[in-house]
Amino acid sequence: MGLEIKFIERKVHPVMYVIVPLAAFSLAFLCGGILMSWAGVNPIAGYGAFISGIIGSHVKFADTLVRTTSFLLIAVGLAFALRARVFNIGAEGQYIMGAIVGTWVALTLQDHLPPALTITISLIMAIIVGGLWAGFAGYLKATLGINEIVLTVIMNWLAFKLLQWLLRGPLKNPLSEMWPMSPPVKAKIPVILPGTRLHLGFILAILIAIGGYFLMFKTNYGFKLRVVGVNPNAAKYAGYDVKKIIISSMVLSGGLAGLAGAIEILAVYHFLYEGISIGLGYTSIIVALVGKLHPLAIIPSALMFGALYNGVVYLQSALGVSYTLSKAMEGMIYLFVLISEVFLKYRIAIVRR
Amino acid sequence: MKKPIVSMRGIVKKFPGVVANDHIDLDVYEGEVLALLGENGAGKTTLMNILYGLYRADKGEIYVKGKKVHFKSPKDAIAHGIGMVHQQFMLVDELTVVENIILGLKEYGIVLNLKEAVKKIKKLAKEIGFKIDPWQKIWQLSAGEKQRVEILKALFRNIKVLILDEPTSVLTPQETRELFKTIRKLVVNNIAVIFISHKLHEVMEIADRIVVLRKGKVVGRLKREEANPQILAKLMVGREVFLEITRKPKKPGPVVLEVKGLKALSDKGILALKGISFRVRTGEIVGIAGVAGNGQKELAEVLYGLRKPLEGRIYLFGRDITDKNICERIKMGISLIPENRLGLGIVGDFSVAENLILERIDENLFSTNLPLLSKLNIKKINGETLLKYSKKLIDEFNIATPSPYAKARTLSGGNVQRLILARELGRKPRFVIAEEPTAGLDVSATEYVRKLLLEMREQGYSILLISGDLSEVLSLSDKVMVMYEGEIVGAFKPEEVTVDDVGLMMTGVKRMPEEAIKRIWD
């Protein structure tokens, strides 16, 4: 007798979009707890540290929001590319390019211009270069039909290698001796909550998410972009310039990733080093997907992932949980969230044929 | 009384939102042609897919030779002697006829013994009077030949009941006649044929018994002697329909579209248009007859701008538009009502209202300027005018939708076509390419579309009508051209020719002289 697993699409009550991810988190935590006790860590203490890492104090919560900022910016950008069905896996590289350009411009201008102007110019340049970096991949996809996934992954490596080379050459801090790092950036994005690291970039990211929502759902551009994503043939038939939309969605996506990179330097690290590339660009793909590629829904999604990220980091530093274990827990949570998506959308039935 | 070879009892099949089959009883006897007649969506194909093991019925039983059976897949159905030829052929283009026929048969094992199979195929083909080369690749065959391969494939498996789903929809009149001959031979060999169709005259010609379905229920069981087209039509749609169309004579106006020496490649890189020239004038319908796949699709795409021509020029109101893109052509008043409605014509996940302005979203009427961003052609969608405009079109074209916000893919086939027509005609185009505008529509929707096309003609629109339905082309068009292998092999006024002549042209047997074809465009 043949058995078959069927995915039956179902109607979902909006509340479920909140409940199901939360349930997924709980399950992931349960498994994570087992993992921790297996590794000899008391899970209760572990989760205590985890939660305290997120909201333990206003400083920690502010740090969570700082992490949220980069996720939010990158994921909102990705939402545009993914909605147009351009699989931009290159946010990491675009983010690195933004960080490089932001640093470079700031270092060049900071002794000649006031900080506000230095910051503004360096952010704008980061957007432009991030946008061009991604737009190049979009251009090759649109005109030559080159697979954007392969292309953007390769370009991520290119960006990272460029970063490594610059830090050992033109951008190297002469005082840092053997450490590959840039000279300090003196122009700093202002902090909005004194005593914490929460900076103006967070407000900017929220505004960009709102603007992104407007662009995607309330303008003719967003309309055409979404048509290209769901039915490219109909878009062509309706006379849309599909190539232009593909390229521009990548430019938007790369521009925001570049902006996130520059903000990270100008607000958080204040110098450039290899450690800025920690996979935020990849994680942001999940952030965007969990946020349903909807710029406003990406706000809570980014917050969730920002919290998760910082919680795991704190768990690691506070309890001395190994890096691998904490990464495993992080991965498990992603996995559960992604699987829960499937269960949310579909009723899964085993049927006899 | 003879015992039925297949009996279906109380078959119920529900799909989300519809009851496709509502307690249907059906008997099939040896050596008869049973016609299943009904509009699209009446449940004919669903019922047969259940009999063929593709679907499982929610309720009801199937008996073969009096024994109750449960089919888990078509394999079981075939094992019980039931075969089916689908509307879309299930053949592998790259393989030969013989390979396709033995595909999936275990007894031919891993090392294929094709020669033996070929012998059997040739014998079977001879029995029913087919001419076929078993070593030919499927892609080299015409639609009619592919259908024969499908029939042979079924016979090869020793079936006793053969289901033919809308078998004539892809055939020329001659091929249809050939098919009917084949069916008669099958019947003589004691095979039962279930013939699914919505074409009345075919059913009247070939069927011994007729079962009429409407909305999932059997509404009539008749012997052929008891039936006539009027009775059947009434049963099918539940009311009287006009089967005849009257076209008022009209003097054509100035030339709207002129095409000179158009050549273009198909997707496969074969020359699909081999130098096409014609003219369309204001207020006339120019029909293109021909078996699907003779360049009609490519012609429509080239005219609309979806495909680039190799050679030749296209003029709209005397202006060369050959190098213009689709957007510019739309602005100049070209419109395409595509055959591929769901894939090209609508965006299923978008609302009806949004679909109604798909091509007009950039217009200032629907998008208001924003400061700065307007330079980048980014404008704010004007929701209110959009809604008002879509409501107007929904009323005007009678689109049955729960609301303008309903997703377009929830509409029925006929209403999807109404939506497309509403959108295309709503922007007042000057030249309309109607590609298979009634294909797959039920009788009432077909009637609506045909009336609308004639109405447009009255209003002075120019229409290029591409249709595989010969009677449609002949009854609606002022002028007809026949396409065969990328060429125009005939052009005439419909009253000047007989259906048989057209059929011969469609199959490449007959060809009008060059001068006679040219004469028609002056």
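What you are looking at is a predicted structure, and each value in this text was computed from that prediction instead of being measured.

**Student:** Got a minute to help me understand the domain arrangement of chain B in this structure?
**Tutor:** Reports of interface size often rely on the accessible area that becomes lost once the parts have come together. Residues and elements named next belong to chain B. Taken domain by domain, chain B holds domain 1 (6-237) and domain 2 (255-333 + 429-519). Domain 1 and domain 2 are separated by 33 Å when their C-alpha centres are compared. Domain 1 puts ten residues into the contact, and the matching count from domain 2 is twelve residues. Of all the secondary-structure elements, those providing two or more residues to the side of domain 1 that touches domain 2 are helix H6 (173-188) and helix H8 (229-237). Along the lines of polarity and charge, the residues of the side of domain 1 that touches domain 2 split into five nonpolar, four polar and one charged.

**Student:** I tried to follow the interface of chain A and chain B on my own but got confused; where do I start?
**Tutor:** Listed per partner, the contact involves 17 residues of chain A and 21 residues of chain B. Put simply, the parts of the chain that give the side of chain A that touches chain B at least two residues each are helix H8 (220-230) and helix H9 (232-237) of chain A. Ranked by the residues each element gives to the side of chain A that touches chain B, the list is headed by H8 of chain A, at six residues.

**Student:** Which parts of the structure should I look at to understand helix H12 (residues 295-319) of chain A?
**Tutor:** Residue pairs spaced three or four apart in an α-helix point in one direction, given the helix's 3.6 residues per turn. Counted at 1.5 Å a residue, the expected span for H12 of chain A with its 25 residues is 36 Å, and the 36 Å between its end C-alpha atoms agrees. Directly after H12 of chain A, the chain includes Gly320 of chain A, whose backbone phi takes a positive value near 70°.

**Student:** Is there a simple way to explain helix H13 (residues 323-345) of chain A in this structure?
**Tutor:** Residue and element names in this part refer to chain A. With 23 residues, H13 extends 34 Å from end C-alpha to end C-alpha; this agrees with the ideal 33 Å at 1.5 Å per step. Residues Leu325, Ser326, Met329, Glu330, Ile333, Phe336, Val337 and Ser340 constitute the buried set of H13. Looking at the packing, one finds that the buried side of H13 touches helix H1 (16-38), helix H11 (280-290) and H12.

**Student:** Before we go on, may I ask you to explain the environment of Pro254 of chain B in this structure?
**Tutor:** Residue placement: Pro254 of chain B occurs in the loop between H8 and strand E11 (255-265). Beyond its immediate stretch of four places on either side in the chain, Pro254 of chain B contacts Arg281 and Thr282 of chain B.

**Student:** Teacher, can you tell me more about unusual backbone geometry here?
**Tutor:** As a rule of thumb, non-glycine residues mostly have phi less than zero, and peptide bonds are mostly trans rather than cis. Residues and elements named next belong to chain B. With a phi close to 50°, Lys215 is a non-glycine residue in the positive phi region. Relative to the assigned elements, Lys215 resides in the loop between strand E9 (209-214) and strand E10 (217-223). The class of Lys215 is partly exposed, set by 15 C-beta atoms lying within 10 Å. In this structure, Lys428 is a non-glycine residue whose phi angle is positive, near 50°. Mapped onto the fold, Lys428 is located in the loop between helix H14 (413-426) and strand E19 (431-435).

**Student:** Sorry, what's going on with the sheet that holds E9 of chain B here?
**Tutor:** Across a sheet, paired strands are connected by hydrogen bonds in the backbone, their directions being either parallel or antiparallel. Residue and element names in this part refer to chain B. Taken in spatial order, the six strands of this open sheet run E6-E7-E8-E3-E9-E10, and their pairing is mixed. Every other strand in the sheet has two partners, leaving strand E6 (82-85) and E10 as the edge strands with one partner each. Strand-to-strand, the axes of this sheet are offset by a mean angle of 20°, without reference to chain direction. As judged from the four bridges shared by strand E3 (residues 33-37) and E9, these two strands associate in the parallel manner. Of the residues in E9, the one forming a bridge with Ala35 is Ile210.

**Student:** Before we go on, may I ask you to explain the environment of Ser351 of chain B in this structure?
**Tutor:** Residue and element names in this part refer to chain B. Counting through the fold element by element, Ser351 comes out in the loop between helix H11 (341-345) and helix H12 (352-356). For Ser351, a count of 19 C-beta atoms within 10 Å translates into the label partly exposed. With 85 residues separating them along the chain, Ser351 and Ser266 place their C-alpha atoms 33 Å apart. When residues no more than four places from it in sequence are discounted, the contact partners of Ser351 are Pro404, Tyr405, Ala406, Lys407 and Ala408.

**Student:** Could you clarify how one ought to interpret the pairing of E9 of chain B in this entry?
**Tutor:** Each regular strand shows side chains that alternate between the opposite faces of the sheet. All names here are of chain B. Bridge analysis of E9 against E10 gives six bridges, and the strand direction is antiparallel. From the neighbouring strand, Leu213 faces E10, where its bridge partner is Val218. Taken together, E9 and the strand that follows it, E10, pair antiparallel across an intervening segment of two residues, in which Lys215 is found at a positive phi of about 50°.

**Student:** How should I be thinking about the packing of helix H4 (residues 114-127) of chain B against helix H5 (residues 143-156) of chain B in this particular structure?
**Tutor:** Axis angle and axis distance: for two packed helices, these are the angle between their axes and the distance between the axes, and together they describe the pair. Residues and elements named next belong to chain B. Taken N-terminus to C-terminus, the directions of H4 and H5 make an angle of 110°; their axes are 10 Å apart at the nearest point. With respect to each other, H4 and H5 are oriented roughly perpendicular. Seen from H4, the contacting residues are Lys120, Ile121, Leu124 and Ala125; seen from H5, they are Leu152, Leu155 and Phe156. Tallied by class, residues from the contact of H4 with H5 come to six nonpolar, no polar and one charged.

**Student:** Would you mind showing me how to read the nonpolar core here?
**Tutor:** Grouped burial of nonpolar side chains is what soluble globular proteins tend to show. The biggest cluster of nonpolar side chains holds 185 residues, and the ones touching the most others in it are Ile74 and Ala75 of chain A together with Leu465 and Val482 of chain B. Leaving out residues up to four positions away in the same chain, Ala75 of chain A has contacts with Ser284, Val287, Ala288, Gly291, Ile298, Ser301 and Ala302 of chain A. In this structure, Ala42, Ala57, Ile121 and Phe195 of chain B belong to the second largest nonpolar core, which totals 67 residues.

**Student:** Sorry if this is basic, but what is going on with the sheet that holds strand E14 (residues 311-316) of chain B here?
**Tutor:** All names here are of chain B. As summarised here, the arrangement of the four strands in space is E12-E11-E14-E15, forming an open sheet in which the pairing is antiparallel. The open sheet has two edge strands with one neighbour each: strand E12 (271-281) and strand E15 (319-320). Strand direction decides the pairing type here: E14 and E15, joined by two bridges, are antiparallel. Following the sheet pairing, Leu316 is matched in E15 by Arg319. Running at roughly 60° to E12, helix H9 (residues 296-304) makes contact with E11, E12 and E14 of the sheet.

**Student:** What's the story with the packing of H1 of chain A against helix H2 (residues 43-55) of chain A in this structure? I'm lost.
**Tutor:** Residue and element names in this part refer to chain A. Viewed as axis vectors pointing N to C, H1 and H2 meet at an angle of 120°, and their least axial separation amounts to 9 Å. Comparing the axis directions of H1 and H2 gives the class oblique. Of the two elements, H1 crosses H2, and the hand of that crossing is right-handed. Within the contact between the two elements, H1 uses Phe29, Gly33, Met36 and Ser37 and H2 uses Pro43, Gly46 and Tyr47. Residue classes in the contact of H1 with H2 are distributed as four nonpolar, three polar and no charged.

Reading the values: the criteria
- Residues numbered from 1 in each chain as written.
- Chains lettered and ligands numbered in written order.
- Predicted model: local features only at pLDDT ≥ 70, side-chain atom pairs only at ≥ 80, totals over all residues.
- Domains from an automatic or database assignment.
- Contact = placed C-beta atoms within 7 Å.
- Helix = DSSP H or I, 4+ residues; strand = E, 2+ residues; numbered from the N terminus.
- Nonpolar A, V, L, I, M, F, W, Y, C, P; charged D, E, K, R; others polar.
- Expected span 1.5 Å × (residues − 1).
- Buried ≥ 20, exposed ≤ 12 C-beta atoms within 10 Å, placed from the backbone.
- Pairing = 2+ DSSP bridges.
- Axes fitted to C-alpha atoms, helices over the stretch in contact; angles between N-to-C directions.
- Parallel < 35°, antiparallel > 145°, perpendicular 65-115°, else oblique.
- Core = buried A, V, L, I, M, F, W, Y, C linked by C-beta atoms within 7 Å.
- Left-handed = near helix turned anticlockwise from the far one by under 90°.

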